[in-house]
Amino acid sequence: MDTPMIELTDVTKAFGSTKALDGVSLTVPHGTVLGLLGHNGAGKTTLVGILSTLALPTSGQARVAGVDVVRHPEEVRRRIGLTGQYAAVDETLSGHANLLLIARLLGATRAQAASRAEELLELFSLTDAAHRAVKNYSGGMRRRLDLAASLVGDPDVIFLDEPTTGLDPTARRALWDVVQRLVREGTTVLLTTQYLEEADVLADSITVLSAGRVVASGTAEELKNRIGHRSVSVTVRGADDRELAAAALRRAGLSPAHEDDGLVLTMPVRDSTAVAQVVRATDEAGVDLAGLAFCEPSLDDVYMALNHSDGR
Amino acid sequence: MTLTTDQTAGAPAPALTRPLRYGGAGVLRQVSVLSGRSLRALREPALVLPGVLEPILMLTVFSQVFKSVSQTSAFPAGVSYIDYLLPAFLVTGSISAGLKSGVALTTEMNNGIIARFKAMPIHTGSVLVGRSIADTVLNCVNMLVMLAAAALVFGYGPDGGVLGSLGAVLVAVVLGWSLGWVFMALSAWVRKPEALQPIGGIVNMVLLFASNAFVPAEGLPGWLRAFAEVNPMSYAITAARDLALGEPSTATVLATLGTCVVIVTVTAPLAVRSFRRAT
Ligand SMILES: Nc1ncnc2c1ncn2[C@@H]1O[C@H](COP(=O)(O)OP(=O)(O)OP(=O)(O)O)[C@@H](O)[C@H]1O
Ligand SMILES: [Mg+2]
């Protein structure tokens, strides 16, 4: 499918004199995940609000599945699922009743609604809690129910606004699994997050938002290349070996460094082919290595570098 | 001649209506599902009891404190104070009921469930109409409970009989329904329950105490009396009271009901509009 499922062109959103979004353009192809990264107040929720027809852009164009969100909001609503930043479920109802409610509002018969509710409760491991009131759910259970609620109508595009904030690692991983499964089935996802690992795991491409502007975008790989903090580190068995290895590595054109009396030598490299070079040099020096590691830069490095460069 | 698909150059491709998995629900279904949701609160005693107990408690206090009013000259002769007071209580209860609709709406706007509904393929108005219906039904139940309690415990038994009292309940419920729309329109505007509560409190105070709810207008000091005589609440109370006491004035009743309908006609579209915009 060629039409991008999400398309923003020069979108701005002003609240009085605050520009929550300041000329944002981005594109999300069908069946992919866009990770929207940004610190507090970057404009992530504002962007999701515009795409899900809750708010109007001040200027610019936004389309979901080719449909303009300003001109045909009712058409957009037929195609999307929204999981907002704060779990939006009815506290007084049970999980089952919440899903039933959504399904009925979408036109399902009682029987269809009940079977859809059970299916989704199962998918999110909420079957045991199905008939308990949501106000007695844990934060993670509530979040899962919230995501389930936005999937009832089988949307083409789903918006997830910080879906795993406040979840423990197990719950987070379980949610990631569900998102990955949805994407495999052809759903397009826009996900905002503060967790770089999350974007790294889930997103096909990443857009970094800062003060309403796009400051970087690309695949995780591209962003890492831009910052380029790749390194190789070797662990030696003693101080003597360390000096031998360091000298050999310097002769090979590398610049190893180590902590005062540490046994780990770390050196920046251009790419993973440098590993062979490191092994050759230490081998020729007759040093027996206790360990060897090639380190990719983390998205944390990218994130920090970008946010430092824009003066924060 | 056969018409083919419109391919006018330049026109935006008409968005193909995406078939919904479940075909979508009509407005009536939306409203009934949404009001059903709000009515489920009825199963939760903690949410229902205060609404029932508060007026009964107030009734106890007022009927004791103001008993002496029925001995004053402005008071209609031969009417017991409880018979005089209860219809006013039905009407005042409706102000609280209306306020409750607005507060519930702001609460849900803040906890995100309203955002979920707004991003769904349903009408914005359905959410408000659903709430209005649920709250009106709940108000009706509260009023009937109050009526029964008054009759059983306080010896309420005005000359209008059961029919007259039911007429008073009808006036009160219609009033509560219309005030519900006023407060829902306000809530879409102020957005925060903390902000709506005090507004409601003030409206309540002004409309009530400067009216003929507790004492006849003639018994109030000059300036207060002037206000009480033009206070729309006084008309509603008079309408309800005359019905209960068995001397209904068709004109007052019709004027009250008519005003309520006008209020809803004006505020409901306003509420839906500002509610759609508020995020
Ligand atoms: N309704 C509003 N009225 C006024 N200002 C707003 C409104 N909504 C958002 N803003 C402002 O717009 C900016 C972006 O807010 P937004 O909620 O989109 O950020 P965010 O990236 O989602 O942040 P967080 O990580 O805290 O959720 C902030 O400066 C915020 O104060
Ligand atoms: Mg946010």
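Residues numbered from 1 in each chain as written. Chains lettered and ligands numbered in written order. Predicted model: local features only at pLDDT ≥ 70, side-chain atom pairs only at ≥ 80, totals over all residues. Heavy atoms only, no water.

Asker: Please provide a residue-by-residue account of the overall build of chain B, values included.
Answerer: For chain B, the count of helices and strands is 10 helices and 0 strands. Each helix and strand of chain B, placed in order from N terminus to C terminus, yields the pattern α-α-α-α-α-α-α-α-α-α. Looking at chain B as a whole, 48% of its 279 residues qualify as buried. Counting contacts in chain B only where the partners sit at least 6 residues apart, residues at least 24 apart contribute 78% of the total. For chain B, the exposed area adds up to about 13500 Å²; of that, 69% sits on carbon and sulfur atoms. (Helix = DSSP H or I, 4+ residues; strand = E, 2+ residues; numbered from the N terminus. Buried < 20%, exposed > 50% of the residue type's maximum accessible area, 1.4 Å probe, protein only. Contact = heavy atoms within 4.5 Å. Areas by Shrake-Rupley, 256 points an atom, 1.4 Å probe, with all protein chains shown as cover.)

Asker: Lay out the packing of aromatic side chains with the relevant residues and their values.
Answerer: In this structure the tally under the stated criterion is 1 aromatic pair over all chains. Sitting over the ring of Phe275 of chain B, Lys118 of chain B keeps its end group 5.1 Å from the ring centre. (Phe/Tyr/Trp six-rings, centres within 6.5 Å; stacked < 30°, edge-to-face > 60°. Lys NZ or Arg CZ within 6 Å of the ring centre and 35° of its normal.)

Asker: Tell me about the nonpolar core, residues and numbers included.
Answerer: The biggest cluster of nonpolar side chains holds 73 residues, and the ones touching the most others in it are Leu99 of chain A together with Phe117 of chain B. Examining the composition of this core, we find that 7 residues originate from one element, helix H6 (residues 169-184) of chain A, more than from any other. Apart from residues lying up to four places away in sequence, Leu99 of chain A is in contact with Ala117, Leu120, Leu121, Leu145, Ala148, Ala149 and Val152 of chain A. (Core = buried A, V, L, I, M, F, W, Y, C linked by side-chain atoms within 4.5 Å.)

Asker: Lay out the interface of chain B and chain A with the relevant residues and their values.
Answerer: The partner chain A presents 40 residues to the 33 residues of chain B that form the contact. Counting across the interface, chain B meets chain A through 2 salt bridges. Arg116 of chain B is the partner of Asp146 of chain A in a salt bridge, and the nearest nitrogen-oxygen pair spans 2.7 Å. Where chain B packs against chain A, one counts 8 residue pairs in polar contact (both at pLDDT 80 or more). (Salt bridge = Lys/Arg side-chain N within 4 Å of Asp/Glu carboxyl O. Polar contact = N/O pair within 3.5 Å; in protein donor to acceptor, adjacent residues only side chain to side chain.)

Asker: If you had to explain the sheet that holds strand S12 (residues 264-268) of chain A to someone new, which residues and values would you point to?
Answerer: All names here are of chain A. One open sheet holds the 3 strands; their spatial order is S12-S11-S13, and the pairing between them is antiparallel. Edge positions in the sheet fall to S12 and strand S13 (291-295), since each has one partner strand and no second. Each strand of the sheet is rotated relative to its neighbour by a mean of 15°, with strand direction disregarded. Relative to S12, strand S11 (residues 231-235) is paired through 5 bridges, and the arrangement is antiparallel. When the sheet's bridge partners are listed, Val234 is paired in S12 with Leu265. (Pairing = 2+ DSSP bridges. Axes fitted to C-alpha atoms, helices over the stretch in contact; angles between N-to-C directions.)

Asker: Hey, could you go over the environment of Ala150 of chain B for me, with residue numbers and the actual values?
Answerer: All names here are of chain B. Here Ala150 is to be found in helix H5 (residues 124-153). By relative accessible area, which is 0% here, Ala150 ends up buried. In this structure the C-alpha to C-alpha distance between Ala150 and Leu59, which are 91 residues apart in sequence, comes to 8.2 Å. With residues up to four places along the chain from it excluded, the contact list for Ala150 reads Leu59, Leu86, Gly155 and Tyr156.

Asker: Requested: an account of the coordination of the magnesium ion (ligand 2), with residues and values cited.
Answerer: Six octahedral donors around a metal ideally make angles of 90 or 180 degrees; four tetrahedral donors ideally make 109.5 degrees. All names here are of chain A. Surrounding the magnesium ion (ligand 2) are the protein donor atoms Thr45 (OG1) and Gln85 (OE1), which sit 1.8 to 2.2 Å from the metal. Of this pair, Thr45 sits in helix H1 (residues 44-51) while Gln85 sits in the loop between strand S6 (80-83) and helix H3 (95-105), and the two are 40 residues apart along the sequence. Classification of Gln85 as partly exposed rests on a relative accessible area of 25%. (Donors = N, O, S within 2.8 Å, 3.2 Å for Na, K, Ca; no water.)

Asker: Run through the UniProt feature "transmembrane region" (unreviewed entry) in chain B, naming residues and quoting values.
Answerer: In the numbering adopted here, UniProt assigns the feature "transmembrane region" (unreviewed entry) to residues 136-156, 162-183, 195-215 and 251-272 of chain B. The annotated region residues 195-215 of chain B carries 71% helix and 0% strand content, and the separation between its end C-alpha atoms amounts to 31 Å. (UniProt positions renumbered as here; feature names shortened; annotations may be inferred.)

Asker: Before we move on, could you go through a nonpolar patch on the surface and cite the residues and values that matter?
Answerer: All names here are of chain B. On the surface, a cluster of nonpolar side chains totalling about 570 Å² of accessible area is made up of Ile202, Met205, Val206, Phe209, Phe227 and Val230. Ranked by residue count, the leading element in the nonpolar patch is helix H7 (residues 193-209), at 4 residues. The exposure class assigned to Val206 is partly exposed, which follows from its relative accessible area of 40%. (Patch = residues over 30% accessible without salt bridge, like charges linked within 9 Å, V, L, I, M, F, W, Y side chains within 5 Å.)

Asker: Quick one: what's the story with the packing of helix H3 (residues 81-110) of chain B against H5 of chain B, residue by residue and with numbers?
Answerer: Residues and elements named next belong to chain B. The geometry of H3 relative to H5 is characterised by a closest axis approach of 10 Å and an angle of 150° between their N-to-C directions. Regarding the angle of H3 to H5, the classification is roughly antiparallel. When you trace H3 past H5, the crossing you get is right-handed. Where H3 approaches H5, its residues Leu86, Phe89, Leu90, Gly93, Ser94, Ala97, Lys100, Ser101, Ala104, Leu105 and Glu108 are matched on the opposing element by Leu128, Arg131, Asp135, Asn139, Asn142, Met143, Met146, Leu147 and Ala150. (Parallel < 35°, antiparallel > 145°, perpendicular 65-115°, else oblique. Left-handed = near helix turned anticlockwise from the far one by under 90°.)

Asker: Explain unusual backbone geometry to me, and be specific about the residues and the numbers.
Answerer: Residue and element names in this part refer to chain A. Look at Ala65: it is not a glycine, yet its phi comes out positive at around 50°. Counting through the fold element by element, Ala65 comes out in the loop between strand S4 (59-64) and strand S5 (67-68). With phi around 55°, Asp154 is a residue other than glycine that occupies positive phi space. You can see Asp154 is positioned in the loop between helix H5 (139-151) and strand S7 (157-161).

Asker: Tell me about the pattern of salt bridges, and please be specific about residues and values.
Answerer: Within the structure shown, the criterion is met by 18 salt bridges over all chains. Between Glu221 of chain A and Arg230 of chain A there is a salt bridge; the shortest N-O distance is 3.0 Å. According to the relative accessible area criterion, Glu221 of chain A is partly exposed, its value standing at 38%. Between Asp288 of chain A and Arg237 of chain A there is a salt bridge; the shortest N-O distance is 3.1 Å. Taken together, the residues Asp288 of chain A in the loop between helix H10 (274-284) and S13 and Arg237 of chain A in the loop between S11 and helix H9 (239-251) connect sequence positions 51 residues apart. For Asp288 of chain A, a relative accessible area of 46% corresponds to the partly exposed category. Through salt bridges with shared partners, a single network forms among Asp90 of chain A together with Arg37, Glu108, Arg131 and Asp135 of chain B.

Asker: So what's going on with the sheet that holds strand S2 (residues 18-28) of chain A? Residues and values would help.
Answerer: Spatial ordering of the open sheet is given by S2-S1-S4-S5 (chain A), a layout of 4 strands whose pairing is antiparallel. Two strands in the sheet have a free side with no partner beyond their single neighbour: S2 and S5 of chain A.

Asker: I'd like a rundown of the pairing of S2 of chain A, residues and numbers included.
Answerer: Residues and elements named next belong to chain A. Bridge analysis of strand S1 (residues 6-15) against S2 gives 8 bridges, and the strand direction is antiparallel. Within S2, the residue paired with Lys13 across the bridge is Leu21. From the end of S1 to the start of S2, which pair antiparallel, there are 2 residues, and Gly16 there has a positive phi angle of about 60°.

Asker: Describe the site of ligand 1, with residues and values.
Answerer: All names here are of chain A. In the vicinity of ligand 1, 14 residues are found, and the nearest of them are Gly41, Lys44, Thr45, Thr46 and Gln85. Contact distances for ligand 1 include 3.1 Å between an oxygen atom and a side-chain N or O atom of Gln194. Across the complex, the protein chains shield 64% of the 640 Å² of accessible surface that ligand 1 would expose by itself. At the level of elements, S2 and H1 are the ones that each hand at least two residues to the shell around ligand 1. At 3 residues, H1 tops the list of elements feeding residues into the shell around ligand 1. Grouping the amino acids of the shell around ligand 1 by side-chain chemistry returns 3 nonpolar, 9 polar and 2 charged. (Near = heavy atom within 4 Å. Nonpolar A, V, L, I, M, F, W, Y, C, P; charged D, E, K, R; others polar.)

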